[in-house]
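Residue-level structural notes
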Amino acid sequence: MPILSPKTAPRSTQIAYLDVAHGSRTYRIELKRIGSARRFTLRVRAATRDVVLTMPPRGSLAGARSFVERHVAWIGARLERLPAPMPFGGGEIVPIRGINHRIVERPRRRGNVWIEPAERGLADAKLPLLCVGAEPAHVARRVKEFLMREAKRDLEAAVARHAAKLGVAPRKLSLRDTTSRWGSCSSTGALNFSWRLILAPSYVLDYLAAHEVAHLVHMNHSPRYWKVLGELSPHVERAETWLKTHGAGLLRFGPQPD
Ligand SMILES: [Zn+2]
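Definitions and cut-offs
- Residues numbered from 1 in each chain as written.
- Predicted model: local features only at pLDDT ≥ 70, side-chain atom pairs only at ≥ 80, totals over all residues.
- Helix = DSSP H or I, 4+ residues; strand = E, 2+ residues; numbered from the N terminus.
- Contact = placed C-beta atoms within 7 Å.
- Core = buried A, V, L, I, M, F, W, Y, C linked by C-beta atoms within 7 Å.
- Buried ≥ 20, exposed ≤ 12 C-beta atoms within 10 Å, placed from the backbone.
- Pairing = 2+ DSSP bridges.
- Axes fitted to C-alpha atoms, helices over the stretch in contact; angles between N-to-C directions.
- Parallel < 35°, antiparallel > 145°, perpendicular 65-115°, else oblique.
- Left-handed = near helix turned anticlockwise from the far one by under 90°.

**Some details on the overall build of the chain**
The helix and strand tally for the chain stands at six helices and eleven strands. Based on the C-alpha atoms only, the size of the chain along its principal axes is roughly 55 × 55 × 30 Å. Within the chain, counting contacts between residues at least 6 apart in sequence, those at least 24 apart form 57% of the total.

Structural data, given as structure tokens:
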């Protein structure tokens, strides 16, 4: 079951795009024809920094274009106000288990990624370092691979611990990169998690592992389910609150989510 399920979206029957120029910029607008839509509606989605126009099934493309053109300044202003993306590159910051690290390129030490305590004498000496032994062009990929390995290790350990406590056996654990859910549990016992949970404080990752493992006992969010989950995780409310407040911010880091 999804932990943060997307709001039930109306079924869209067709997806297309519209590119609209504004000053020196061009915005790509996703068009969604929705059976129940009576008018054009624009949305700027913070998580993915994209723009969606929902429109009635019979709305014309010319009508859609003219609507978007009338609101293009609004789109630009909304996108500008979103927190900036934080790419994985030398000098950038990435949180690991809730603690900010500065990414440092160490091209002479090929192939390795490792963590060092804060360097003394540097301006922001407080930050530990994520050192990447790669040429600049490969740093982002290396950082993501490193974070996915760490995420998998933490999640496997947490899932094994919670599963042993309940006497259940998850079938498989996979990492995903979705914007709509942090974890899920299929009816066949396969668990999926967002690799971005490694960016969050450890109690959040641990809670998500417990949340999905508890679904192996109750495939729903009934009171009996929450009772089982409460026995596994002491952080149910704290972690849910953290995800509601900061979860979308995790999507800023590294490559865009799927
Ligand atoms: Zn759930």
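Next comes the rest of the account.
**Some details on unusual backbone geometry**
The backbone of Arg97 sits at a positive phi, close to 50°, despite the residue not being glycine. On the secondary structure map, Arg97 appears in the loop between β5 (93-96) and β6 (99-105).

**Considerations on the nonpolar core**
Val143, Leu197, Leu205, Leu208, Ala209 and Val213 are the most contacted members of the largest nonpolar core, which totals 40 residues. Elements with a contribution of two residues or more to this core: β8 (129-132), α3 (136-166), β11 (190-194), α4 (202-214) and α5 (223-232). The dominant element in this core, judged by the number of residues it contributes, is α3, at nine residues. Setting aside residues up to four positions removed in sequence, Val143 forms contacts with Phe88, Val94, Ile103, Val113, Leu130, Val132 and Gly254. Counting residues in hydrophobic clusters, the runner-up holds eight residues, among them Leu31, Ala64, Val68 and Ile75.

**Here's the deal with the sheet that holds strand β10 (residues 183-185)**
An order of β9-β11-β10 is seen for the three strands of this open sheet, with the pairing classed as mixed. At either end of the open sheet lies a strand with only one pairing partner, and these are β9 (172-176) and β10. Geometrically, the sheet is characterised by an average inter-axis angle of 15° between neighbouring strands, direction not taken into account. Here five bridges tie β9 to β11, and the two strands are oriented parallel to one another. Among the inter-strand pairings, Ser174 is bridged to a residue of β11, identified as Asn192. Contacts from α3 reach β9 and β11 within the one sheet, and its direction differs from that of β9 by about 145°.

**Regarding the packing of α3 against α4**
Between α3 and α4, whose axes approach to 9 Å, the crossing angle comes to 45°. On the basis of their axis angle, the class for α3 and α4 is oblique. In this structure, α3 crosses over α4, and the sense of that crossing is right-handed. Residues Asp154, Leu155, Ala158, Val159, His162, Ala163 and Leu166 of α3 form the contact with α4, whose participating residues are Leu205, Asp206, Ala209, Ala210 and Val213.

**Some points on the pairing of β8**
Here β8 shows a clear split, with Leu130 and Val132 buried on one side and none of Leu129 and Cys131 buried on the other. In this sheet, β8 lies alongside β6 in parallel orientation, the contact comprising four bridges. In the strand pairing of β8, Ile103 is matched with Leu130. The sheet contact formed by strand β7 (residues 113-116) and β8 spans four bridges and is antiparallel. Bridge pairing in β8 places Ile115 opposite Leu130.

**Re the sheet that holds β8**
Strand order across the open sheet formed by four strands is β5-β6-β8-β7, with mixed pairing between neighbours. A single partner strand is all that each edge strand has here, and the edge strands are β5 and β7. On average, each strand axis in the sheet is inclined to that of its neighbour by 35°, with strand direction left out of account.

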